[in-house]
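Geometric and topological summary
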Amino acid sequence: MNEAAGERANRIRALFVSNFCPHYRVRTYETLARKMDVRFLFVSPGDEEYWDPRRGVQRGEFPHEYLRGFHLASGLRVTPGLVSRLWRSDVDLIFMALADRSPCR
């Protein structure tokens, strides 16, 4: 095995779960993808109350997927595909960075 292949084989495999990719995180996620074997799962289309829809959600040069979901009458977002992806993931580490800035009820 050559050095580059050995380095890839020893990389941490991670899954990063977050609401969505804002413009100011693209370079960070691209850097992580170069340093680690990481995939990104996003569970929101960027329709949070606190997010300005004119900014939109971003994509970048990193492996990612935006998962479909829906809102309950209470406003809670449900993303059914997330559970199966977490269950089937073959990773060493899962990062969960889900932000909710709605007031406590």
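Quick look at the structure, then. Just so it is clear, the model here is predicted, and its values are computed rather than measured.

Assigned secondary structure in the protein consists of three helices and six strands. Its helices and strands in sequence order give the protein the pattern α-β-α-β-β-β-β-α-β, from N to C terminus. Residue pairs at least 24 apart in sequence account for 67% of intrachain contacts in the protein once pairs closer than 6 positions are excluded. Surface accessibility of the protein: about 7600 Å² in total, with carbon and sulfur atoms responsible for 52%.

What follows covers the environment of V78. Considering the arrangement of structural elements, one finds V78 in strand β5 (residues 77–78). The partly exposed category is assigned to V78, whose relative accessible area is 24%. With residues up to four places along the chain from it excluded, the contact list for V78 reads G69, F70 and L72.

Attention shifts here to the sheet that holds strand β1 (residues 13–18). Overall, parallel pairing links the four strands, which are arranged β3-β2-β1-β6 in an open sheet. Of all the strands in the sheet, just β3 (64–66) and β6 (93–97) have a single pairing partner and so form its edges. Within this sheet the neighbouring strands show an average axis-to-axis angle of 15°, counted without direction. Taken together, the five bridges between β1 and β6 define a ladder with parallel strand orientation. Across the sheet, residue V17 finds its bridge partner in β6, namely M96.

Counting through the fold element by element, S18 comes out in strand β1. Judged by its relative accessible area of 5%, S18 is buried. Separated by 2.9 Å, the side chain of S18 and the backbone oxygen of A97 make a polar contact. Filtering out sequence-adjacent residues up to four positions away, S18 remains in contact with Y29, L41, F42, V43, A97 and L98.

This next bit is on the packing of aromatic side chains. The final tally for this structure, using the stated rule, is 12 aromatic pairs. Between F16 and F40 the ring centres are 5.3 Å apart and the planes differ by 45°, which places this aromatic pair in the tilted class. In this pair, F16 is assigned in strand β1 and F40 in strand β2 (residues 37–42), connecting sequence segments 24 residues apart. Accessibility classification places F16 together with F40 in one group, the buried group. On the numbers, 4.7 Å between centres and 35° between planes, the contact of Y29 with F40 is tilted. With Y29 in helix α2 (residues 26–35) and F40 in strand β2, this pair connects stretches of sequence that are 11 residues apart. Across this residue pair, the class does not change: Y29 and F40 are buried. In this structure an aromatic cluster arises from ring pairing among F16, Y29, F40, F42, F62, Y66 and F95.

Definitions and limits used
Sequence order as written defines the numbering, with residues in each chain counted from 1. The predicted origin of the model limits local features to residues at a pLDDT of at least 70 and limits the giving and counting of side-chain atom pairs to 80 or more, whereas totals for whole chains, interfaces and linings rest on all residues. No hydrogens and no water enter the side-chain calculation; it runs on all heavy atoms of the structure. The helix count covers DSSP runs of H or I at least four residues long, the strand count covers runs of E at least two residues long, and both are numbered beginning at the N terminus. The contact criterion used is simple: two residues touch if any of their non-hydrogen atoms lie within 4.5 Å. Method for areas: the Shrake-Rupley scheme with a 1.4 Å probe, in which residue coverage is limited to the protein chains shown. Note on classification: 1.4 Å probe, protein chains only; a residue is buried when its accessible area is under 20% of the maximum for its type, exposed when over 50%, partly exposed between these limits. Strands qualify as paired when DSSP identifies two bridges or more between them. Think of each axis as a best-fit line through the C-alpha atoms, taken over the contacting stretch in the case of a helix, with angles from 0 to 180 degrees between the N-to-C directions. Between N or O atoms, a polar contact is any pair within 3.5 Å; within protein, one atom must be a potential hydrogen donor and the other a potential acceptor, and residues adjacent in sequence are included only when both atoms are from side chains. Aromatic rings from Phe, Tyr and Trp, taking only the six-membered ring of Trp, are treated as a pair when their centres fall within 6.5 Å; an angle between ring planes under 30 degrees marks them as stacked, one over 60 as edge-to-face, and anything in between as tilted.

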